[in-house]
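# Summary of the model geometry
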Amino acid sequence: MLGIETSCDETAAAVVVDGTNVRSSVVSSQVDIHARFGGVVPEIASRAHVETITPVVAEALVKAGVVDSDIDAVAATYGPGLVGALLVGVSTAKALALVWDVPFVAVNHLEAHLYASFLEDPSLELPAVVLLVSGGHTMLVLMEGHGRYRLLGSTVDDAAGEAFDKVARYLGLGYPGGPAIDAIAIEGDPTAIRFPRAMRDQGYDFSFSGLKTAVINHVRKHPEATTADVAASFQDAVVDVLVAKARLAARDLGAKAMCLGGGVAANSVLRERFLGACVEDGIHGFLPSRAMCTDNAAMVAAAGWWRLQSDGPSPMDTGAIPNLKLV
Ligand code: KG4
Ligand code: ZN
């Protein structure tokens, strides 16, 4: 299975065998192109995908040691994401599927993030609670079977990654904000400032917009506070809520496993606390590698392989769906 991912600012292609064996995974990030704008510029992203997609696919095939005729199917992300960016991947995948006379499989980007864990730990037991935290999404999902999901909760305002990016921008730490906060927080005291934990003990939905405002207000009132302490205390508040809700869901619903997905799952404190909670609660916990947490095409190929088994090929008139939902 050749997987293609172009939903946001990563142009990626990967070759995966049987949904689990990653033969190659090539990711070309546009982060340097967008950094000076402080965020992803959709039109620039689309144009960069057009320029990069062909060499990235070629590199994925070469690195996997395969030729065109070895590919049995082509999967691409068709949503959610930026419409112009998605179209590049979808069009490329359809063109290759037509030329090679193999099935085309349209993949939901959120489902692909869920499959990142199965790629690295095929023994993961179901039902599993998956905490999916990225720049655009914050979702708590109960995965009951392959292709069977229950959305337990999501954010009512900002996504967790968005909160990291906005707070980092305010603190002058640059873009993307998540890795910058993660790095500077190491030098700070996470207990220095007690930021609010919105909705921590109320159901499975999240809210991060009040926390962002609390950070801004605190810095205005206390200009003497060090950036490291603010970053560490902010990160502590986000992680506290994320972990509390995931473990509550796992307990309530009798999940056998708990795993993380999405770009924010690369956060070092979240990874440590999440695994700590799993050990304390005696539940199988799994953290995908950092490379598998952020956008990549191996997870698209894996999700595509399962989709092909269950639903067969996708129609050739499948379009890009920017606001596609998981369920
Ligand atoms: O999944 P992803 O690569 O793209 C989306 O589908 O959104 O996630 C990107 C998000 C960004 O908001 C970025 O700041 C955040 O993931 N992120 C992190 C870390 N690495 C990336 N957030 C916190 N800590 C990190 N180490
Ligand atoms: Zn993503």
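Residues numbered from 1 in each chain as written. Chains lettered and ligands numbered in written order. Predicted model: local features only at pLDDT ≥ 70, side-chain atom pairs only at ≥ 80, totals over all residues. Heavy atoms only, no water.

### A look at the sheet that holds strand E1 (residues 2–5)
- The sheet built from 5 strands is open, its strands ordered E3-E2-E1-E4-E5 with mixed pairing. The open sheet has two edge strands with one neighbour each: strand E3 (21–29) and strand E5 (104–108). Neighbour-to-neighbour, the strand axes of this sheet turn through a mean angle of 20°, independent of strand direction.
- Sheet topology note: the strand E2 (residues 10–17)/E3 ladder contains 8 bridges and is antiparallel. Among the inter-strand pairings, valine 17 is bridged to a residue of E3, identified as asparagine 21.
- The strands touched by helix H3 (residues 83–100) are E1, strand E4 (74–79) and E5; relative to E4, the strand with the most contacts, the crossing angle is about 155°.
- On top of the sheet, helix H11 (residues 298–311) reaches E1, E2, E3, E4 and E5; it is set at about 115° to E5, its chief contact. (Pairing = 2+ DSSP bridges. Helix = DSSP H or I, 4+ residues; strand = E, 2+ residues; numbered from the N terminus. Axes fitted to C-alpha atoms, helices over the stretch in contact; angles between N-to-C directions. Contact = heavy atoms within 4.5 Å.)

### Here's the deal with the coordination of the zinc ion (ligand 2)
- Within the first shell, the zinc ion (ligand 2) binds the protein through His109 (NE2), His113 (NE2) and Asp295 (OD), at distances of 2.1 to 2.2 Å.
- Around the zinc ion (ligand 2), the 4 donor atoms are arranged such that angles at the metal cover 92 to 146°; this shape is classified as irregular.
- Considered as a linear motif, the donors of the zinc ion (ligand 2) on their single chain read H-x3-H-x181-D. Pair noted here: histidine 113 is in helix H4 (residues 109–120) and aspartate 295 is in the loop between helix H10 (290–293) and H11, with a separation of 182 residues, a long-range link. Assigned by exposure class, histidine 113 and aspartate 295 land together as buried. (Donors = N, O, S within 2.8 Å, 3.2 Å for Na, K, Ca; no water. Tetrahedral: all angles 85-135°; square planar, octahedral: opposite > 155°, others 65-115°. Buried < 20%, exposed > 50% of the residue type's maximum accessible area, 1.4 Å probe, protein only.)

### Quick look at the pairing of E5
- For E5, the buried fraction is high: 5 of the 5 residues fall into the buried class.
- Side-chain alternation along E5 places Phe104, Ala106 and Asn108 on one buried face and Val105 and Val107 on a second face that is also buried.
- Looking at chain direction, E4 and E5 are connected through 5 bridges and run parallel. Looking across to E5, one finds that valine 74 is bridged to phenylalanine 104.

### Re the pairing of strand E8 (residues 148–154)
- Note that strand E7 (residues 138–145) and E8 share 6 bridges and pair antiparallel. Opposite methionine 143, over in E8, you have tyrosine 149 as the bridge partner.
- The antiparallel hairpin formed by E7 and E8 contains 2 residues in its connecting segment, where glycine 147 sits at a positive phi of about 80°.

### Considerations on the environment of tyrosine 170
- Looking at the secondary structure, you find tyrosine 170 in helix H5 (residues 160–170).
- Spatially, the C-alpha atom of tyrosine 170 lies 9.1 Å from that of valine 215, the residues being 45 residues apart in sequence.
- Those residues within four positions of tyrosine 170 in sequence are excluded, and the remaining contacts are Ile216, Val219 and Arg220.

### Some remarks on the sheet that holds E8
- Ordered by their spatial adjacency, 5 strands build an open sheet running E8-E7-E6-E9-E10, and the pairing between neighbours is mixed. On the outer flanks of this sheet lie E8 and strand E10 (284–286), each paired with one strand and no other. Sheet twist, expressed as the average angle between the axes of neighbouring strands with direction ignored, equals 20°.
- By the bridge criterion, 5 bridges tie strand E6 (residues 128–133) to strand E9 (residues 257–261) in an arrangement that is parallel. If you follow alanine 128 over to E9, its bridge partner there is alanine 257.

### Brief notes about a nonpolar patch on the surface
- On the surface, Leu98, Val99 and Met316 cluster together to form a nonpolar patch covering roughly 320 Å² of accessible area.
- Mapping valine 99 onto the fold places it in helix H3.
- Accessibility expressed as a relative area gives 67% for valine 99, which makes it exposed. (Patch = residues over 30% accessible without salt bridge, like charges linked within 9 Å, V, L, I, M, F, W, Y side chains within 5 Å. Areas by Shrake-Rupley, 256 points an atom, 1.4 Å probe, with all protein chains shown as cover. Salt bridge = Lys/Arg side-chain N within 4 Å of Asp/Glu carboxyl O.)

### What about the nonpolar core?
- One finds Leu140, Phe195 and Phe234 to be the most contacted residues of the largest nonpolar core, which totals 47 residues.
- The dominant element in this core, judged by the number of residues it contributes, is helix H8 (residues 227–253), at 13 residues.
- If sequence neighbours within four positions are ignored, phenylalanine 195 has contacts with Leu211, Ala214, Val215, His218, Val230, Ser233, Phe234 and Ala237. (Core = buried A, V, L, I, M, F, W, Y, C linked by side-chain atoms within 4.5 Å.)

### Thoughts on the packing of helix H7 (residues 209–221) against H8
- The N-to-C vectors of H7 and H8 enclose an angle of 160°; their axes lie 11 Å apart at closest approach. By the criterion of interaxial angle, the relationship of H7 to H8 is roughly antiparallel. Handedness of the crossing formed by H7 with H8: right-handed. Counted together, Leu211, Val215 and Val219 of H7 and Val230, Phe234, Ala237 and Val238 of H8 form the full contact between these two elements.
- Per-class residue counts for the contact of H7 with H8 are 7 nonpolar, no polar and no charged. (Parallel < 35°, antiparallel > 145°, perpendicular 65-115°, else oblique. Left-handed = near helix turned anticlockwise from the far one by under 90°. Nonpolar A, V, L, I, M, F, W, Y, C, P; charged D, E, K, R; others polar.)

### Considerations on the site of ligand 1
- By nearness alone, 19 residues border ligand 1, and Gly135, Asp165, Gly178, Asp182 and Gly263 come closest of all.
- Aspartate 295 has a polar side-chain atom sitting 3.3 Å from an oxygen atom of ligand 1.
- Here ligand 1 has 560 Å² of accessible area as a free molecule, and 88% of this is covered by the chains.
- Elements with a contribution of two residues or more to the shell around ligand 1: H4, H5 and helix H6 (177–185).
- A total of 4 residues in the shell around ligand 1 trace back to one element, the largest contributor, which is H6.
- Looking at the shell around ligand 1 residue by residue, the classes come out as 4 nonpolar, 12 polar and 3 charged. (Near = heavy atom within 4 Å. Polar contact = N/O pair within 3.5 Å; in protein donor to acceptor, adjacent residues only side chain to side chain.)

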